[in-house]
Amino acid sequence: MNDKEKELWRVIDNVIQCCGTTLPDGTFNITRKDVLGKSRAENVVMTRAMIVEQMLHAGFSVTTIASILNRTVHTVRHLRDLAYKWLNTSRVYRLATAEATLKNKNVEPMCI
């Protein structure tokens, strides 16, 4: 696994930690499998949208994000639009975004 892949998965795991809640048995209610799968649950879709937002900020291309999330480019752009809408309307989404941004602050934007 190269450095780009390590950063990519680290961003995804940080966002999952910020969006999920810990269950009584110590596990998270959102997993990497849920995010990469076909779930349409609202909290999973919000997590995907935040992953797209954080990865775009880190400098990853829409095509790269689409291939990692097993989605089309159109879907990734739609998730980006949803992220901006939720930033304006959802306090919980803003809190989770702020936490994810702090966790990912040392991810340098990639310049090629």
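What you are looking at is a predicted structure, and each value in this text was computed from that prediction instead of being measured.

Colleague: Please provide a residue-by-residue account of the overall build of the protein, values included.
Modeller: When you go through the protein residue by residue, the secondary structure sums to six helices and zero strands. The secondary structure elements of the protein, listed N-terminal to C-terminal, are α-α-α-α-α-α. The C-alpha atoms of the protein give 13 Å as radius of gyration, which agrees with the globular expectation for 112 residues (13 Å, within 12%). Principal-axis analysis of the C-alpha atoms gives the protein an extent of 45 × 30 × 25 Å. If you take every contact in the protein between residues at least 6 apart in sequence, the share linking residues at least 24 apart comes to 62%. For the protein, the accessible area works out to roughly 6800 Å², and carbon and sulfur atoms hold 56% of it. Each charge class in the protein can be summarised by its mean position, and for the 16 positive and 11 negative side chains these summaries are 5 Å apart.

Colleague: Give me the lowdown on the pattern of salt bridges, citing residues and values where you can.
Modeller: Counted under the stated rule, the structure contains three salt bridges. The salt bridge partner of Arg-32 is Asp-13, with a shortest N-O separation of 2.6 Å. In this pair, Arg-32 is assigned in helix H2 (residues 32-36) and Asp-13 in helix H1 (residues 3-19), connecting sequence segments 19 residues apart. Overall, the relative accessible area of 28% leaves Asp-13 in the partly exposed class.

Colleague: How would you sum up unusual backbone geometry? Please name residues and give values.
Modeller: Positive phi outside glycine occurs at Asn-70, with the angle close to 60°. Along the chain, the position of Asn-70 falls in the loop between helix H4 (62-69) and helix H5 (73-89).

Colleague: Got a sec to walk through empty space enclosed by the protein? Specific residues and values, please.
Modeller: The final tally for this structure, using the stated rule, is one cavity of 30 Å³ or more. Taken as a whole, the largest cavity spans an internal volume of roughly 50 Å³. In this structure, the largest cavity is lined by Val-11, Gln-54, His-57, Ala-58, Thr-101, Asn-104 and Val-107. A breakdown of the residues in the lining of the largest cavity according to their chemical character gives three nonpolar, four polar and no charged.

Calculation rules
- Residues numbered from 1 in each chain as written.
- Predicted model: local features only at pLDDT ≥ 70, side-chain atom pairs only at ≥ 80, totals over all residues.
- Heavy atoms only, no water.
- Helix = DSSP H or I, 4+ residues; strand = E, 2+ residues; numbered from the N terminus.
- Rg over C-alpha atoms; globule rule 2.2 N^0.38 Å.
- Contact = heavy atoms within 4.5 Å.
- Areas by Shrake-Rupley, 256 points an atom, 1.4 Å probe, with all protein chains shown as cover.
- Lys, Arg positive; Asp, Glu negative; His and termini not counted.
- Charge placed at Lys NZ, Arg CZ, Asp CG, Glu CD.
- Salt bridge = Lys/Arg side-chain N within 4 Å of Asp/Glu carboxyl O.
- Buried < 20%, exposed > 50% of the residue type's maximum accessible area, 1.4 Å probe, protein only.
- 1 Å grid on protein atoms, 1.4 Å probe; cavity = no way out; pocket = protein on both sides within 12 Å on 5 of 7 lines; lining within 4 Å.
- Points joined across faces, edges and corners; volume = space filled by probe spheres on them.
- Nonpolar A, V, L, I, M, F, W, Y, C, P; charged D, E, K, R; others polar.

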